[in-house]
Structures are given as structure tokens and as C-alpha cells.
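# Inside the fold
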2 protein chains.
Amino acid sequence: MFVKKCLALLLFVAFGAPTFLARADDGMWTFDNPPLKQWKERYNFEPSKGWLDKVRLASVKFPGASGVFVSSNGLIATNHHVASGFIERLSTKERDLLKNGFYAKTQAEELKVPDGNVSILESYDNVTERVHNAAKSGTSDADSATKRTAEIAAIEKDCPTALRCEVISLYSGGEYWLYRFKRYTDVRLVMAPEEQAAFFGGDYDNFVYPRHDLDFTFLRVYENDKPAATPNYLKWSATGAPDGEFVVVSGYPGSTARLLTVSQLTYQRDVGNPLQEKVWKTRRKVLEDYSKRNAEAQRQANPGMRSLANSLKRLEGQQNGLLNPRNFARKEAEEKDLRDKLAEKAELNKQYAPAWEAIAKANADLPSKANQLAFSSLGSSRLATIAQQIVTYHIETAKPDGERYPEFRDTRLEAFRSSLLSPAPIYLDMEEAALTAWMVEARNLLGANDPFVKAALGEAEPAEVVGKAVRETKLTDPAVRRSLLDGGAAAIASSTDPMIMLARRVEPVVRALRDWNEKNVINVETANGTRIAQARFAVYGKNIPPDANSQLRIAYGVLKGYEEDTTLVPFRTTFFGLYDRALSFDEMPPFNLPASIKNARTKIDLSTPLNFVYTADTIGGNSGSPVINRKGEVVGLNFDSNNQKLSNRYWYIEEAEGSRAVGVHSAGIIEALRKIYDANELVNELIGK
Amino acid sequence: MFVKKCLALLLFVAFGAPTFLARADDGMWTFDNPPLKQWKERYNFEPSKGWLDKVRLASVKFPGASGVFVSSNGLIATNHHVASGFIERLSTKERDLLKNGFYAKTQAEELKVPDGNVSILESYDNVTERVHNAAKSGTSDADSATKRTAEIAAIEKDCPTALRCEVISLYSGGEYWLYRFKRYTDVRLVMAPEEQAAFFGGDYDNFVYPRHDLDFTFLRVYENDKPAATPNYLKWSATGAPDGEFVVVSGYPGSTARLLTVSQLTYQRDVGNPLQEKVWKTRRKVLEDYSKRNAEAQRQANPGMRSLANSLKRLEGQQNGLLNPRNFARKEAEEKDLRDKLAEKAELNKQYAPAWEAIAKANADLPSKANQLAFSSLGSSRLATIAQQIVTYHIETAKPDGERYPEFRDTRLEAFRSSLLSPAPIYLDMEEAALTAWMVEARNLLGANDPFVKAALGEAEPAEVVGKAVRETKLTDPAVRRSLLDGGAAAIASSTDPMIMLARRVEPVVRALRDWNEKNVINVETANGTRIAQARFAVYGKNIPPDANSQLRIAYGVLKGYEEDTTLVPFRTTFFGLYDRALSFDEMPPFNLPASIKNARTKIDLSTPLNFVYTADTIGGNSGSPVINRKGEVVGLNFDSNNQKLSNRYWYIEEAEGSRAVGVHSAGIIEALRKIYDANELVNELIGK
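Rules behind the numbers
Residues numbered from 1 in each chain as written. Chains lettered and ligands numbered in written order. Predicted model: local features only at pLDDT ≥ 70, side-chain atom pairs only at ≥ 80, totals over all residues. Heavy atoms only, no water. Helix = DSSP H or I, 4+ residues; strand = E, 2+ residues; numbered from the N terminus. Rg over C-alpha atoms; globule rule 2.2 N^0.38 Å. Buried < 20%, exposed > 50% of the residue type's maximum accessible area, 1.4 Å probe, protein only. Contact = heavy atoms within 4.5 Å. Areas by Shrake-Rupley, 256 points an atom, 1.4 Å probe, with all protein chains shown as cover. Lys, Arg positive; Asp, Glu negative; His and termini not counted. Charge placed at Lys NZ, Arg CZ, Asp CG, Glu CD. Disulfide = S-S within 2.5 Å. Salt bridge = Lys/Arg side-chain N within 4 Å of Asp/Glu carboxyl O. Pairing = 2+ DSSP bridges. Phe/Tyr/Trp six-rings, centres within 6.5 Å; stacked < 30°, edge-to-face > 60°. Lys NZ or Arg CZ within 6 Å of the ring centre and 35° of its normal. Axes fitted to C-alpha atoms, helices over the stretch in contact; angles between N-to-C directions. Parallel < 35°, antiparallel > 145°, perpendicular 65-115°, else oblique. Left-handed = near helix turned anticlockwise from the far one by under 90°. Domains from an automatic or database assignment. Buried area = accessible area lost by both parts, 1.4 Å probe. Polar contact = N/O pair within 3.5 Å; in protein donor to acceptor, adjacent residues only side chain to side chain. Nonpolar A, V, L, I, M, F, W, Y, C, P; charged D, E, K, R; others polar. pLDDT = per-residue confidence, 0-100.

## What about the overall build of chain A?
Counting its secondary structure elements, chain A contains 27 helices and 20 strands. Taken over C-alpha atoms, the radius of gyration comes to 25 Å for chain A, in line with the 26 Å a tight globule of 689 residues would show. Projected onto its principal axes, the C-alpha positions of chain A cover 70 × 65 × 50 Å. Split into buried and exposed, the 689 residues of chain A put 59% on the buried side. Restricting to contacts in chain A with at least 6 residues of sequence separation, those with at least 24 account for 79%. Summed over all atoms, the accessible surface of chain A reaches about 26200 Å², with 52% contributed by carbon and sulfur. Between the centroid of the 89 positive side chains of chain A and the centroid of its 88 negative side chains there is a distance of 1 Å.

## Digging into the state of the cysteines
All names here are of chain A. Applying the stated criterion to the full structure yields two disulfides over all chains. The residue that forms a disulfide with cysteine 159 is cysteine 165, at a sulfur-sulfur distance of 1.9 Å. Here cysteine 159 and cysteine 165 share a disulfide; its torsion about the S-S bond, 80°, makes the bridge right-handed. For cysteine 165, a relative accessible area of 1% puts it in the buried group.

## Remarks on the pattern of salt bridges
All names here are of chain A. For the structure on display, the rule yields 116 salt bridges over all chains. One salt bridge connects lysine 675 with glutamate 671, and the closest N-O pair in it is separated by 2.7 Å. In this pair, lysine 675 and glutamate 671 both sit in helix 26 (residues 666-676), four residues apart, roughly one turn of the helix. For lysine 675, a relative accessible area of 24% translates into the label partly exposed. Using a relative accessible area of 9% as the deciding quantity, one classes glutamate 671 as buried. Through salt bridges that share partners, Lys112, Asp186, Arg188 and Asp225 make up one connected network.

## Observations concerning the pairing of strand 3 (residues 75-78) of chain A
Residues and elements named next belong to chain A. Residues Leu75 and Ala77 point to one face of strand 3 and Ile76 and Thr78 to the other, with burial holding for every one of them. The pairing of strand 2 (residues 65-69) with strand 3 spans two bridges and is antiparallel. Each bridged residue has a counterpart across the sheet, and for valine 68 the counterpart in strand 3 is alanine 77. Two strands pair when backbone bridges link them, and strand 3 and strand 10 (residues 217-223) are joined in this way by four bridges, in the antiparallel orientation.

## Structural notes on the packing of aromatic side chains
Using the criterion set out here, one finds 53 aromatic pairs over all chains in the structure. Between Phe218(B) and Trp236(B), the ring centres sit 5.9 Å apart and the planes meet at 55°, which makes this aromatic pair tilted. Residue Phe218(B) is found in strand 10 (residues 217-223), and its partner Trp236(B) is found in the loop between strand 11 (226-227) and strand 12 (246-251); the two are separated by 18 residues along the sequence. Residue Trp236(B) is classed as buried on the basis of its relative accessible area, which comes to 5%. Linked through ring pairs, Trp39(A), Tyr43(A), Phe45(A), Trp51(A), Phe246(A) and Tyr556(A) together constitute an aromatic cluster. Geometry around Trp516(A) places Lys369(A) over its ring, the cationic atom sitting 5.5 Å from the centre.

## Comments concerning the packing of helix 16 (residues 382-397) of chain B against helix 23 (residues 498-540) of chain B
Residue and element names in this part refer to chain B. Put simply, helix 16 and helix 23 touch, their axes get as near as 8 Å, and they point 60° apart. One way to sum up the angle between helix 16 and helix 23 is to call them oblique. Crossing hand, helix 16 versus helix 23: right-handed. Residues Leu383, Ala384, Ala387, Gln388, Ile390, Val391, Thr392, Ile395 and Glu396 of helix 16 form the contact with helix 23, whose participating residues are Met499, Ile500, Ala503, Arg504, Val506, Glu507, Val510 and Arg511.

## What about the domain arrangement of chain A?
All names here are of chain A. Taken as a whole, chain A is organised into domain 1 (2-117 + 185-257 + 547-687), domain 2 (119-184) and domain 3 (262-537). Carbon and sulfur atoms make up 57% of the area that domain 1 and domain 3 hide from each other, which totals about 2900 Å². Along the contact surface separating domain 1 from domain 3 lie two salt bridges. Between arginine 326 and glutamate 657 there is a salt bridge, and its shortest N-O distance comes to 3.5 Å. Inspection of the region where domain 1 meets domain 3 yields nine residue pairs in polar contact (both at pLDDT 80 or more). Where the side of domain 1 that touches domain 3 is concerned, the elements lending two or more residues are helix 1 (2-14), helix 4 (80-89) and helix 9 (202-205).

## Overview of the interface of chain A and chain B
In this assembly, 43 residues from chain A lie in contact with 43 residues from chain B. At the junction of chain A with chain B, the criterion picks out four salt bridges. With a closest N to O distance of 2.4 Å, Arg572(A) and Asp586(B) form a salt bridge. Taken together, the links from chain A to chain B amount to 22 residue pairs in polar contact (both at pLDDT 80 or more). A total of seven residues in the side of chain A that touches chain B trace back to one element, the largest contributor, which is helix 24 (residues 575-584) of chain A. Taken together, the residues that form the side of chain A that touches chain B break down as 16 nonpolar, 12 polar and 15 charged.

## Description of the sheet that holds strand 18 (residues 626-628) of chain B
All names here are of chain B. One open sheet accounts for seven strands, arranged 13-12-18-19-20-17-16; its pairing is antiparallel. Lying at the two open borders of the sheet, with one neighbouring strand each, are strand 13 (553-558) and strand 16 (572-574). The mean inter-strand angle of the sheet, taken between neighbouring strand axes irrespective of direction, is 30°. Across six bridges, the pairing between strand 12 and strand 13 is antiparallel. Looking at strand 13, one finds that valine 248 is bridged to tyrosine 556. Where helix 24 (residues 575-584) meets the sheet, it contacts strand 16 and strand 17 (609-614), and its direction lies at approximately 70° from that of strand 16. Contacts between helix 26 (residues 666-676) and the sheet are confined to strand 17, strand 19 (634-641) and strand 20 (661-665), with strand 20 contributing the most and set at about 40° to the helix.

## Points about the packing of helix 16 (residues 382-397) of chain A against helix 17 (residues 410-420) of chain A
All names here are of chain A. Following both chains from N to C, one finds helix 16 and helix 17 inclined at 150°, their axes separated by 11 Å at the closest point. In terms of axis orientation, helix 16 runs roughly antiparallel to helix 17. In the packing of helix 16 onto helix 17, the handedness of the crossing is left-handed. Residues Arg382, Ile386, Gln389, Ile390, Tyr393 and Thr397 of helix 16 form the contact with helix 17, whose participating residues are Leu413, Phe416, Arg417, Ser419 and Leu420. The class makeup of the residues in the contact of helix 16 with helix 17 is six nonpolar, three polar and two charged.

## A word on the environment of Ala58(B)
Residues and elements named next belong to chain B. With respect to the helices and strands, alanine 58 occurs in helix 3 (residues 49-58). The spacing of alanine 58 and phenylalanine 86 is 28 residues in sequence and 20 Å in space, taken between C-alpha atoms. Ignoring any residue separated from it by four or fewer positions in sequence, one finds alanine 58 in contact with Gly67, Val68, Phe69, Asn232, Tyr233 and Leu234.

## Structural notes on helix 20 (residues 462-472) of chain A
When helix 20 of chain A is considered as a whole, its buried residues turn out to be Pro462(A), Val465(A), Val466(A), Gly467(A), Ala469(A) and Val470(A). Along its buried surface, helix 20 of chain A packs onto helix 16, helix 18 (428-446), helix 19 (451-457) and helix 23 (498-540) of chain A.

## Some details on the confidence of the model for chain A
All names here are of chain A. Per-chain confidence: chain A averages 92 in pLDDT, with 97% of residues scoring 70 or above. Contacts for the low-pLDDT stretch residues 1-23, under 50 throughout, to residues beyond four places or in other chains number 39 contacts. The complex prediction reports pTM at 0.83, with the ipTM value standing at 0.80.

## Some points on the sheet that holds strand 13 (residues 553-558) of chain A
Residue and element names in this part refer to chain A. The seven strands lie next to each other as 13-12-18-19-20-17-16, forming an open sheet whose pairing is antiparallel. In this open sheet, the two edge strands, each paired with only one partner strand, are strand 13 and strand 16 (572-574). Strand-to-strand twist across the sheet, computed as the mean angle between neighbouring axes with direction ignored, equals 30°. Note that strand 17 (residues 609-614) and strand 20 (residues 661-665) share four bridges and pair antiparallel. What sits directly across from asparagine 611, in strand 20, is valine 664. Against the sheet, helix 26 touches strand 17, strand 19 (634-641) and strand 20, its axis set at about 40° to strand 20.

## Let's talk about the environment of Tyr184(B)
Residue and element names in this part refer to chain B. Its location among the elements puts tyrosine 184 in strand 8 (residues 175-184). Tyrosine 184 sits 126 residues away from alanine 58 along the chain, and the two C-alpha atoms are 13 Å apart. Sequence-distant contacts of tyrosine 184, that is, excluding residues within four places in its chain, are made with Phe69, Gly116, Asn117, Val118, Ile120, Val221, Glu223, Ala228 and Thr230.

## Side note on the side chain of Arg220(B)
Residues and elements named next belong to chain B. Inspection of the secondary structure assignment puts arginine 220 in strand 10. A distance of 3.1 Å separates a polar side-chain atom of arginine 220 from the backbone oxygen of asparagine 73. Sequence-distant contacts of arginine 220, defined by excluding residues within four places in its chain, comprise Ser71, Asn73, Gly74, Leu75, Gln107, Glu110, Asp186, Val187, Arg188, Val190, Pro227 and Glu685.

This is the structure in C-alpha cells:
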């Protein structure tokens, strides 16, 4: 067995760049360029345009995640952990829906999520030429960036009223596309299991397989107070997919960094990731300390701690990938191959070769500012973030549309306002604890004389400044926020709200850092990343998908177990396994079962599949993505990756190494809805009687 | 989690030798020197002499394995894989007890195992002084060895009639003990589950945990055709042990090599283990090829293939341990510490320091002969082995007792004859295939002019020589073997049985190699190993147990799960897990369930514990050992180690690294006997009604 495994690794190493790119079920592909050739050759799968359109229009974009329409009446299936922010907003101390779960037997009982919104990608167009032409007229990288930004703003403005338009950069700026989204702003909760059922095994079992999580939730979008008509929905499969079945995964993967240069990866490995870890650990520690105060504090802090634990475990896996010399050497070999092939063509080489040096230089300058960039932030407090956004809003909206920060362009203002004015609850004690601890850490790290620290604190102690700001601010009231937004710059300038005053003081420091970073790093990376993308197209053609960027992608693979250590890991788990894992631990948390599951033990067909694994190329953001069979049916909901797959942020990890995506099985969801949650009305809507 | 794990490893490395030896639940201790101090200090456990005596007298020695008396009527519990050789001998093509299992409802139905025998350690005495004094009178290592051997033979001869006596070397010859065994030669099969239940998951799940194996079998010893009276039996626990419970494991661990020098370990790593792997792989391939002929061939080859697969997987794990530079460096540090401390005492140093050099030199000479030593063997065929044993028997028994090979000393002849005359079935096709393929490989490796190859084959082809020998020999008949044994040397010299002729031809070659090895390696290692052991006693005292050597030992630990990768592994599994693993694989073999288990699904309490893990220090040979609680009750049967523990042949692997022994839970066995096998009479004998 050892030998077999080593052999797989050796083969893996032996394949050089870039031929390896075409060997595996890799890639999160755009819908304009799906991997039709691979599908046909390897799986004899030739979807019609209608099939692809339907999958696209059924794929629902959540903030940072995915979902799918599963009935013609606006019903959405997604993961519990995707909807948990929504569920938390609907929860109170007295009615803890996260803990206890929820089911609306009738539409009348469905709960409207404060500030809930989702969207679908209605249509798209290639605008690369317009954007590139605009940038080409620039006299420097910085001037090109300004011209590019202005052109993008102009393109986005030319948008049908009912839609929201966004210009998307692909291939490090090698392509630009105009995406038009239909937005749904009335989202209601239909059904959610208990968090303990959805997240059974907790952080321990996160990124682990075999797995036993009922990580699903059902929502419904409304228009004009009626369930939205969603004719482009995917049918729910009552049986799911067998071993070996071909599937696609459609969703909104967050971010990969596979087209980064070696110098960018080196920065990530040596500076960026360790710093990010420090930031998240600081935030997590604050929440952990806070959560120990009492049960209510724990309830408030739970979603944040869970999210940070997830981020940290993922980051550690990614960083382990970068620290793996074999993987890193492969990346270096890939870059060398491209640059060597480029060197054979003198003209191309002259044009593109300097791009790598320029990016390397930018990344060499970055570490000197990295701590400041990471810690000059009020982001650990929602109130402070609101204040900062209001202050910046007035500065930015005073400028012409094309010169603003992207998030303040006219086309995004509606979404910005809706988020800012959300009545979602704010917990003052947690705000105060989080921001105070953050400022203490920032002062420790940056020093008392750092511009941000000085602007925020002056000569005072963090507890004093933050305590006053949190206790005395009126920003907890959405109406106050609205009046400050609508009051114009004068209202801000004269405000004596201590949180607004804090935000006003740090605004110039944060702005200067952001500007420095854009000028010296981001613009350089964008301009030269575009050049490298063009070089890659010139050498290899457009044979790879672009890096993921929270936009719609389609991936594919098969249901398949794998070898781990010296044994086999099965392609699926069953309800037997859920009870085994709970009882094997004597139900020690986080391996305890909610009462509903305990009570249903004799009713459930324990052999029903619960979770399963498949080889598709996914990443964070794909949570809630439908796993779809050839017939276009939903056979499961993607909800995780195993450990082996974590470093696929930087490169696709071969399926032979056991990298797998993890899904909740569609038959397991039906069994749970019927036998554990008595949600027969919902089952009927999904699969009929 | 990553950090936590690394921390454990760092701590592990930071502790220097030899203090680490006392930190953990390590050691397979002799009953003359149990770790009473550790038990008292760590677990407040102070067993009486009676408690220890009872455990010793209930611990049953199998050939290469262990078991335990569990009723006063001679009932033995052991692993199925320990008894599988017995079960195979009772099986025929028509009645495949390995495949179908067996249960004798009454004693009359119990099946007597051909050549079955087991023993217990009745008493023991320290004879170190006698043996050392004899050796001291020698004029060289070789002469000392002769004198030592003669003294040992003399001690062994002075033995009560009813017992079998053996002088055991401990601490590389630092101590010698006379062990007196009571032997039982009438062993009968009482109950065995199907091999598929006992070995569910097959070679894949071997050395793997979580695990779901019903790896148990019940036997009974008889005396004078009646169940033997065994008042020193251990009570069976109907409930087993909870998480964290202190347990001891009593049994016959096979072999550790923790007191070897760095030069010996280097030889193992670079030459010995790779060569052993080659030998076993050669044998396994032969059996695999043979097993493909038909179902009956597969049945015949299965036990051998399973045993080799097990050996190979273990060897790979051990070799991985040796190849781990961190572990190896720790071993080097330990040796350096001992030698440094020795160097501080001039007199001791002069006496003992040369021992390391002598062993290093012997191991440096060994590789030149290693291939010959490994491949000059007829051991792949049982018939050829019988022939070789008969030929050697007459040469050896012609000598004075003290000068013979140890296995031909008077005290061992009865066991030798009983094994040689066993009527266990011999499969001619398999014999022929195995020996032919072996000779082909030997000729390839050693060359046609090698003395062994020439003696065996002359100018002929392996198929020709072996085919004739296997087809025409009369040794399949135990009566013929007996007449050759009793006929004296002349009968052998004049025999025209082609298998005897083959054995006669190779005998001088094999003898010369064995003599070379004894003179140049084994005697040197023994003499100098003794010196090093004495040096260790002088520097540290007798604070560690001796290496395991297939003799009775007692180990201890607690039931405890562990961290693996980033999650937790539970301390036990349940019957839920058995069904989960089977159904998760769609019952793809080796994850299929026997019909009996499928049929019992609704009858079994699925939450009953099935397997469990604990921190005790065990190794191959401990299979079938009872896991015992403070009250002296059997809470399970040891049957495996996990992967993390495999390299504990060379050093104890810290429990923080997740190394665990794996047992079948006593409550799981009761549940299986009752609900799957309807063996209520057996349950009554174990725990009463």
C-alpha cells in the first residue's frame, strides 16, 4: 500500500508543466468557456446550451457562497453554514433558531431575513477589448489603472434597471466580462435543522471526511410579497448518485491563486499567510474570551468563532500546501516552462518578460507595510465599520463615478446602502470587547506612535476610547445611519457621535495605506498580471480556466472514494455512521446528537446515504453549490473539502492524492426531512408525493 | 490543530534519553519485574501477588501469539486470526470453517485440532549467574558460546516431567531465566465466526483504526479427553471498560529491537528489512498467482497470503519508522548518552566500550552474505521443510545435547516431533508452485553457480527438480515421516525419496551458512550485547524492560482516543460503524458482511461497543492477549495496532503521536455471540445466565 501511494506521488511529480493541466478533472470554468472537450472525451457528456443555461440560472449567489433553486416557487437549497448568518439574524435570546432549528409548515410561517439578498447571473458579455483599449491609452501603470477604472465604471452604468451590473476581471486582467445579475431582496427562511445536526463534529470534523453532517437549509425568495416564479430550477433527485457517477458542480467559488507568480506565492507563504493567521487568531481569541462570560455571550459569539475557526483551519491547510517543497518546486517548474518557451520568441519575450520582475519588486516592497495594512482597521467591530463606511461614503460619492473606490460606484450604492441600513442585531458588549482587544493588539504590534494608533487613540487607552464610542454612539439605530448617509458631508463633519469621530480620525490614515497599496502593489500586479496572462495565452492558448473570484463557475468530476494511509475511504457515508461517531465518543460535544435525531433513530432507514465525496475542483464559496447529474438533477449540496484538498488554492491537487469535495446527499436530506423533521410539505415540493 | 500536533512532536523530541523511558505507559515487562512503581504512582494500582499469579497462569501461549483462559473448564478466548491455522486444519473443501464459521452447542461437538497445542508459564527462576559463569570460562566469543549453550542445555534438562523447560535470554543476554511451561496438546474448537466477520475490511483495514472486526475465537483444552480444569481463569466482563479506564495486557509479544545498537539498526534499515521484504513479497506473489487458479486454490492459499500481507504491512510500517530521521536521531542520542556516561567511568569504559565496535564490525560483514542467508532455504514448501528437518534431526541428535542446535535439544524434541508428524493437510499443487517459483527467484538472485542453487538443482530446471520431488515424495504421509525419524541416520542416507534427496543435497550448504552466521554475527552480537546490557545496568540501573522475545509480558495503559490529522478518533467503535463501513462501500469486498450479520441487523443493539483502543505497549504476538481491568476481568481481546504504532519495534511511540493497540470489546463479543451466532451456551459459560 505504501508503495502504491508513493507511486501515485511519483507519477504526480513526474508530469511536468503544463501538460498536467489537462490530465485531471480540474478547473472551475466560466460558463462562456465550459470544458466541453473534456466532458465529451472523458465522460461522453455533451450538454445542450439549454442545459447549461438552466444550470446557470438556477445557481444562486449568496454573499461569499452558493445555493440553487429547487422548485418553481423560489425555493432555494443551500448549506446551513451558508444560511447561518441569516438564521442568526432571525434568532433572539428567547428564540434561538440556530440552536433549535426551524420549519415553516406553510408559506405564511416563513420568516423574512433582515437584509437578506441573493442573486443569479442573468447574462454576460465580453468587454475585454473596451477595457484593454482604455488601459492602453494610459501613460503609466497608475494612469492605466485610472483609465481602466473609469471605463469599467462607464460599462457598469449602462445597465438595465432591473439588473445589477458588474465588470469582472478574469485571468489576472487578461479578460474582462460584464456580468448582469438579477437580485432578490426578499429572502425567507423555510427550514433549517439544528446547528448541531448541520455541524456535527464541529471544528474537529471540518475539512474532514468521512463525515456525517446535515448541512442544509431551505430558503424562499419572494417578489411583491409572493413566492418568486423561478422556472429555471433544478429537479431534486430522491435517490442521489451512485459510486462513479459523473457530476458537475455549479456555484460561486471564492478565490484561487493558481495564476500567481512564484514571487507572489513566496510572499504569501513567508509574509501574507502568517500575518493573516495572526489577524484571525487575534479576532478569534477576542470572541473566545467574550463567549466565556455567559450563555448569551456564547450565542452571540458563536457564528463569528465558527467562521474564524473555519478560516483558520483552511488557511493552515493552504499554508501547509505552500510549505510543501514538492508542490512549490512544481510551481517553479511551471513558471520556468512558460518563461523558457517565451524566451524562444524574441518579440513576445521583450514584451512580457519584464512583467515577472515588476511583480517580484512589488512583492519585495510589501513586507515593510504589511503589518500596517493588516492592523490599521476597525473591522473587528460592526459599529465602527458602519461609521467608517459612512465617513468614506461621503468622500467617495463627492467624486466622479469613475474615480471612486469600486464599492462606491453608482451601480453598487444600492447594495451598499441596504447592507449598511440592515436592522440585523448588534451586540454592544461584544462590539466593545472585540474592538478594545483589537486596538490593544494593534498598539502592541505597531507601536504607540504609529499613525493609525495615534489617530485612533491619541494619548488615551483603548478601553477608554472604545468604551465611550460603543456606549454613546447612536449608530445602533438604522434610522440614524440613514440620516447620516442622507445628511451630506456637512452632517458628518459636524457629528459629535464618538464612533463617527473615531472613524473620521482614522480615515486619512487608512486611505493613505490603501492608496499606497494600490499604487505600489495592486496596480503593478494587475498590469503585469495581465501581461503574464497574455503571454500564457500566446504560448499555450486559452487552455485553462481563470482563477476563481466569487463569480459563477462550473466544475466536474465523479463520485469516488480514495486511499488514505493504508486503507480505503468510502465514496459515501450513511446514517449508521452518524450514530456510530456520536456513540463512539459517548456523545462528548461536538459529537453529541440533537434530541430530534436521537428520537428518530428507529424511524430512519439507517442505510440511507448521508454525505459523499467527488473529485470536482471546488473551493470555499462553493458551499451550498448543487451537485448535479447528467439529467440536470440535484444529487447533493456541496459543503466542504477534505484536508487533502486545502492547498488547492494554489494548485489543483490530483485526485490520486485523495483530494475530494464533500457533499450532503440528496437522499439523506429527504430522509432527514421526512423522519427527523416531519417536513413532509417541503418533501412534496421537492420531489412530489 | 496543526500547531497542537507539532507541539506534541516537539516535546517528544525535546526529551532526551534516557529520561523519556520513564515518562509513558511503555514497556512489555516480565512478571518478575512488573512496573509496580509506575502503576502505583500513575494509576494508584497495587495488585497483590495473587492477582499477578492468576493473570500469568491464565495467559495462554499460542505459537507466535496469545490467548486467555476464561472459564474453569479449559475455555480459551483468542483472536480468530490466531486460531485461523487451527481452523484451517479442521476445514476441507466441503466444510470450510474459515469461511462459514463454527459453533459447538455441546462439548461433544467440539472439534479436536490436529497438532493443536498451547501452554502456560507455570514457574520461572533466575539462572543468570550459572549461565554467565559458564560463558566467562570461555577463551573466546565462540568458546564462550559453546560453554553457554552447554550450560543452558544442562539447566533445561533438569525439568519436572510434566513440564517443558526453556532458558530464556533477556536484555541481550544480560539475564537468563529458566521458564517452566505446562503444555496442553488436546485443543478443540468451540466457536469461530466467519473469517469475513473476524477480518472485515481485510488487509486494507489491517493496522487501521477505527475498526470493526469480530476477531475472536473460542477453544477448549482437554486432558484425558475431558475439559481441563483451569481454576486460574479470568472472569469475562459483560460491560467492558469505559473511556479512560486503566487496563493491563498480558501475553506473548513476539519481538522488539529496542536495545539494538545504532549499527544494528542501520543494518536493519539498509539491508535486513529490504531483504526481508523481498523474501516475503516473493512468497506472496507465488501464492497470489496460485490462488488465481480456482476457488479451491484460493481457499488453500488464503491463510498464507493473509499472513504475508500482515507481515509486509507491519514491516513497511517498521521500516518507515527506521527511515524517519527524527526517530533515528533520537536513537543515536540515546546511544551517545550511554556511551558518554560510560566514558566518565574509566574502568567500566575499558570493559564495555569495545562492545559497540565489535557489533558494528559484525554488521559491516553481514551484507556480503545476506542474500545467501535469506534465499538458501526450502522454507516456502512445507514438504521440503519436513524433509530438511528430518535430515538435520539425525545429524544433530547424534551429538551431545549441549552441542546441538537449540531446536534439537532433548527438551524440545517432543514438540519438534509433534509438529513434524502433524496430520494437517498439505496441498501438493500449492507446494509445487511455491517451491518452484522460490527456486527460480533464488537462481536469479544468487546465480546458477551459487552453492545452494547448484546443490538443489544441479544442471536441471527448478520445475523439473521440484515437480519430481513434490509428486513422488511419500512425506505427505505422517507414518512415513515417523519411520524416517525412527529409522536412524542410515534410513536417511539410503532414502531414495526425491524430497529427502533434495534436502540431503542442500543440508551442508545451509549448515555452513548458519555456522558462518553464528560464528561471525550472532555470537558476536550475543557476547557484546550482554556487555552493553551490563553497561546499561551499571549506568542507569534496571529501569527498563528487556526486548520482547515471544515470552510472557505484561503491559499497561488506558482506553483513550487520539488526534489524527485535524480531528479526533474515538476510543471505541460500535456495531453502527460496522454497518456504516459495509454500506458506505456498497459492500464491495473486503467490506462485505456475512449473511449472519446482515440477518441480525434488527436484533443487535447497534450501540454496543465493538472495538476499542488503548495506550498499552504491545507488538505482534500480543494478538489474542486479554485486556484486563483492575478487577482482573477480561474487558477485551487485543488484536492489532494502528499504523502510528508500527515502528514501536525499534522504539516506543508516544501515545501523543496517536499510537494505539486495538482490541475487540468484551461486550461486543457477548452481543455477537447472542444475537448473531445464537451461542447462548457459550455466553452462559462466560458470564452466567
